[in-house]
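# Coordinate inspection notes
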Amino acid sequence: MSENKERIVLDVAYQPQVRTATDTKRIMLNVILALMPALAVAVWQYGLYPLVLALISVASAVFFEWGYRKLMKKTCTVGDLSACVTGLLLALVLPTNAPWWLPIIGNFFAIVVVKQLYGGIGKNFLNPALAGRAFLLASYAAIMGRYAVPKALTAAVDGVTMATPLSYLYSGAAMPGYMGFKSLLLGTIPGCIGELSTLALLIGGAYLLATKVISWRIPGAYLGTVAVLCLIFGHEGYGNVDWMLYNLMSGGLMLGAIFMATDYATSPVTLNGQLLYGVGCGALTVLIRYFGGFPEGVTYAILIMNLCTWAIDKGFHRHQFGVTKEDIAAEKAAKKAAKEAAK
Amino acid sequence: MSHTFKGGVHPNYMKAPEVPVTVIAPPSQVVIPMIQHIGAPCQPLVKVGDYVKMYQKIGENPVPVSAPVHSSVSGKVIAVEPRPHPLGDMIMSVVIENDFQDTPELMPPLTEEQLKDPEAILERIREAGVVGMGGAMFPTAVKIRGGIGKVDKLIINGAECEPYLNGDHLTMLNFPTQLLKGIELVRIANCVEKAYYGIEVNKQDAINLLNSLNPAQYGIEIVPEEVKYPQGGEKMQVKAVTGREVKPGGLPSGVGCNVVSTRTCYAIYQACYEGKSVIERIVTYGGSALKGPVNGLTRVGTPFKHIAEQCGGFVKTPRKIVLGGPMMGICATSFDAPTVKGTAGVLFFTEEEDRHVENPTCIRCGKCITVCPMNLEPVFMYMYYSKGDYENMEKYHVMDCFECGSCSFNCPARMPLTHAFKTAKIMFQVKMAKEKAKAEAEAAAKEAKK
C-alpha cells in the first residue's frame, strides 16, 4: 500500500468554485484612484497644503479604524481600504485652507461614531465623510465658510479669502467675469479641495463607471433632477440655461453626485430604488439651494436621503423572473375581490 | 437583436477547444453506480462472477421515472456493493474487471419506419439509458413524453456557458451531421415541426460548420446567442430563443418549450442509428493541478484516480475535485469515485482558483442584484437567511433561485450567497414536509375521534 504517499485532504464546497477578481479592496482602490484628478487640481491651484491635509485625514481615519477595532477586540478591517476612502473624501470636502487638526476631529466622528458604532463597513446608515462634514459645519462654521484665493485669481482679487461661485448663486448677484464656465470646468475657483474642477470629477466618474464601481443610475438621476428643476425654475438675472449649468458645476454637486451619493452602504441597492434616491437627492439639493439657510444643499440632501434608503429598498422590491405585468394585475384584482367578498 | 437574457456574469472562460480529443484508456476496473439519473435507483441485473459485454444493460428499474445503466467495458463482475459516488455518499455499484476486449452487445439500429415513429424513438431513448447530459441527469424519455402536446418550440441547448467545458463544442465540430440527425430525432419524438439550436457565439466555427450542412433539411434553425453565463440555464435558453419567461416554480413545458442538451442529442443519435447505449462521452479535465487542459473521451465508471494518471498526474496538490463546470459544479469527496453519464468536466483545483476569505462582510454594493438572472435580491435574501427569518425569505422568493452562482461569483466581499440559498431551499423543503406531516397527523387524529 502507499502509506508513504501524502494524504490529500479535499475541500468540499457548494458552487460557485470560482470568483471574480474584483474584491472590496480593489473597489476601494478604484475610488481612491478616481479621486486623484480632483486632488491634483487642488495641488495645482493651492500648492502642497491640500495634499498634506488629505494625508493627515487618511492617516487619522485609518488610525481610528485600527484603534477602535483593536480596542473592541474585533478583526482588523484596515486592509479593505474603506477607511482610506472615508479619510480622503472627508479631506476633499474641507476648504483648501482648513487648519491641519480639523480633519482629525472630523474623522473621529466619521469613523468611530458614524461607521464603527454601527458595526463597521456596510452597516452604517449615514455616509461617514458627509456626516463628518456636517459635524464640522456645525462646530466650526467660521472655518468651514472661509475659502482661500486660487493661484489663478491672485492678480484679480485682493485679500486672502473670497466668495465661492455658489455664494454668488445663493445671493443672486451676478457672477464675476473671472468665474466663467471655463474656470468652473478647470477648477480655477475658490472652494473645497475636491469640488474645484468639474472636469476632474467627471474624469473620475467616467473611471468609476468604466470599472463598474458605480452605475449611472444614482449620479444620472441626481444630476438630471437638478438640471431639470433649475432649467424650469431659473433665477432672476441669469438665463435659464446659464443658471442650470452654474448650478451643476458649482459647489459640491459633482463630488456629491458621483462619489458621495453612490456610497454603497448608504444608498439603495434596488435598481428602481436607486433612481428614486437620485431624484430625491436632486430635489432636496435644489430645494435647499433655493430656500435653505446655507448656500450649499448637497451635504444635507444626501444625508437626508441616506436615512430614507431602507424604506426605499423595501418599497422597490422587484418582481421575479417569469412574473408578467398581467400576472401582477391579476393578483391585485384577486386581492380586491377577496376583500370585497369579505365585506 | 442579439439573443440573450437580463443579468448574468462574464467569468474567465478558460476554454480550450483547440486541444484535440484524446482517448482516456479504460481502467482495469470500472465502477458503475446504480444511480446516474434523477428518479428511482436501478436494481443490479448481474451478480458477482457474471461475464458482461460492453453496452450491456446491467441495472434497471421498471418504474417510469428511471433510466437503465450499462456496462462500459466487457469483463467479469467482481463486486456488487456500495461504492463512493461522485455526488457524495456510498451508492450500490457494479464493479467490472476489464478484459480489454471491448466485446460489444449492441441493440439493433432502428429501421427507417421506426426512425419516424415518436414511440419507437422514445422507447429506444429509455432503453439506451439516455439522461439529461448537461448535468441534470433527468431521464430524457420522461421529459420528452411529458411535453408532447404542450410543447410547440423545441430548444436544443448548445450554449455551454460554463467555463472550462468543451465537450459540446467538440461534439459539434467532430460529429456535426450525426448531431443534426440526433436533433431531428428529438424533434420527431417531441412531435414538433422545428427545433431551435441556441449556440453562444464564442463557438462561431461550430455555428458556421453546422450552417454549412443545411440544418433546415432536418427542421433545425441555429440561433446565435450572446456569450454570457448562465445562458445555458433552461429558463435563460427559453427566454433567449423565444422571449417567453417560465413561470416561478414552473417547467419550460408550461410555456410550450422543451430544452434538450447537445450531448443528449448526440447520445440519442448513437442509440437510434448505431444501437449504442450511453457509456462514454467527451469530458474536459482542467484546473491548475493538471499540466494543461485535456478533452478526454471517457468511459462511464472511470475513477478520478485513473483519470489523473491518464492526464499526466498532478503538478500541484489538488484541493478540490469539481464535477462539471466551476460555476454550478459541486465537489467530489473521493478520488475513488467514478465519472457518470452527467459528468461534463472534472476540474482539479488548487489554492490558485480559491478566493475564499475568512470573515466576509457585505458592503451592500448591490452587485448581486444586477447579475441575478431570476430578478431576485440576494443581498436581502442572505440577510433574512442569517436571521433565520423564513417568512421574509419566502417573500423574497428564495425558492426561485436555481443556484447558478452568479451572485456569489460577482460578490466583491466574497459572501457565501449561493451556499446560503441552497441550504435555505433544503431547510424549506424539510419544513414544508414536516408541516404537511403534522397536518396529516392532526387530520388523522380528528378522524379517529369521530
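Residue numbers run consecutively from 1 along every chain, following the written order of its sequence. Working convention: letters from A go to chains and numbers from 1 go to ligands, in the order in which they are written. Per-residue local features are limited, in this predicted model, to residues with pLDDT of at least 70; the limit for side-chain atom pairs, both in listing and counting, is 80 or more; totals at the level of whole chains, interfaces and linings are taken over all residues.

## Structural notes on the domain arrangement of chain B
Residues and elements named next belong to chain B. The domain architecture assigned to chain B consists of domain 1 (114-273) and domain 2 (367-436). For the purposes of this description, domain bounds are those given by an automatic or database domain assignment. The straight-line distance from the C-alpha centre of domain 1 to that of domain 2 is 29 Å. Each residue is assigned to one class: nonpolar for Ala, Val, Leu, Ile, Met, Phe, Trp, Tyr, Cys and Pro, charged for Asp, Glu, Lys and Arg, and polar for all the others, Gly among them. Taken together, the residues of the side of domain 1 that touches domain 2 break down into 4 nonpolar, 2 polar and no charged.

## Digging into the pairing of strand S14 (residues 294-299) of chain B
Residue and element names in this part refer to chain B. Our exposure labels follow a C-beta count within 10 Å of each residue's own C-beta, placed from the backbone: buried means 20 or more other C-beta atoms, exposed means 12 or fewer, and partly exposed covers the counts in between. A helix here means a DSSP run of H or I that spans at least four residues, while a strand means a run of E at least two residues long, and both kinds are numbered starting from the N terminus. When you tally the buried positions in S14, you get 5 out of 6 residues, the bulk of the element. For two strands to count as paired, DSSP must find a minimum of two bridges between them. Where strand S1 (residues 21-23) lies against S14, 3 bridges are found, and the strand directions are parallel. Bridging across to S14, Thr-22 finds its partner in Gly-296. As judged from the 6 bridges shared by strand S13 (residues 280-286) and S14, these two strands associate in the antiparallel manner. Looking at the pairing, Tyr-285 lines up with Val-294 of S14.

## A closer look at the nonpolar core
Ranked by internal contacts, the top residues of the largest apolar core, which has 111 residues, are B:Ile183, B:Val186, B:Cys265, B:Ile268 and B:Met381. Counting the residues that make up this core, at least three belong to each of domain 1 (114-273) and domain 2 (367-436) of chain B. Non-local contacts of B:Ile268, meaning those with residues more than four positions away in its chain, are made with B:Ile125, B:Val130, B:Gly182, B:Leu185 and B:Val186. By size, the runner-up hydrophobic cluster in this structure holds 82 residues, among which are A:Leu196, A:Ile218, A:Leu255 and A:Leu275. By definition, a nonpolar core groups buried Ala, Val, Leu, Ile, Met, Phe, Trp, Tyr and Cys residues that connect through C-beta atoms lying within 7 Å of each other. Any two residues are considered in contact once their C-beta atoms, placed from the backbone, lie within 7 Å.

## Thoughts on the sheet that holds strand S16 (residues 330-332) of chain B
Residues and elements named next belong to chain B. If you walk across this open sheet you meet the 6 strands as S1-S14-S13-S17-S15-S16, and the pairing is mixed. A single partner strand is all that each edge strand has here, and the edge strands are S1 and S16. In this sheet, neighbouring strand axes are inclined to one another by 35° on average, regardless of whether the strands run parallel or antiparallel. Looking at chain direction, strand S15 (residues 320-323) and S16 are connected through 3 bridges and run antiparallel. Bridging from a neighbouring strand, Ile-321 pairs with Ala-332 of S16. With axes taken as lines fitted to C-alpha atoms, and helix axes fitted only over the stretch in contact, angles between N-to-C directions fall between 0 and 180 degrees.

## Quick word on the pairing of strand S12 (residues 257-261) of chain B
Residues and elements named next belong to chain B. Most of S12 is tucked away, with 5 of its 5 residues classed as buried. Because side chains alternate across S12, one face comprises the buried residues Cys-257, Val-259 and Ser-261, and the other comprises Asn-258 and Val-260, equally buried. With 5 bridges joining them, strand S9 (residues 153-158) and S12 adopt parallel strand pairing. Among the inter-strand pairings, Leu-154 is bridged to a residue of S12, identified as Asn-258.

## Regarding the interface of chain A and chain B
The partner chain B presents 51 residues to the 31 residues of chain A that form the contact. Partitioning the side of chain A that touches chain B into residue classes produces 15 nonpolar, 12 polar and 4 charged.

## A closer look at unusual backbone geometry
With an omega dihedral of -10°, the bond running from A:Gln15 to A:Pro16 counts as a cis peptide bond. Residue position: A:Pro16 is located in the segment before helix H1 (24-46). The amide bond that connects B:Tyr229 to the next residue, B:Pro230, takes the cis arrangement and shows omega of -5°. Even without being glycine, B:Cys191 reaches a positive phi, approximately 60°. Topologically, B:Cys191 is positioned in the loop between helix H4 (176-190) and strand S10 (195-200).

## Quick word on the sheet that holds strand S6 (residues 69-70) of chain B
Residues and elements named next belong to chain B. Within the open sheet, the 3 strands sit side by side as S3-S5-S6. Their pairing is antiparallel. The sheet terminates laterally at strand S3 (43-44) and S6, the two strands that pair on one side only. Both S3 and strand S5 (residues 57-60) contribute to a ladder of 2 bridges, which runs antiparallel. Note on S5: the bridge partner recorded for Pro-44 is Gly-59.

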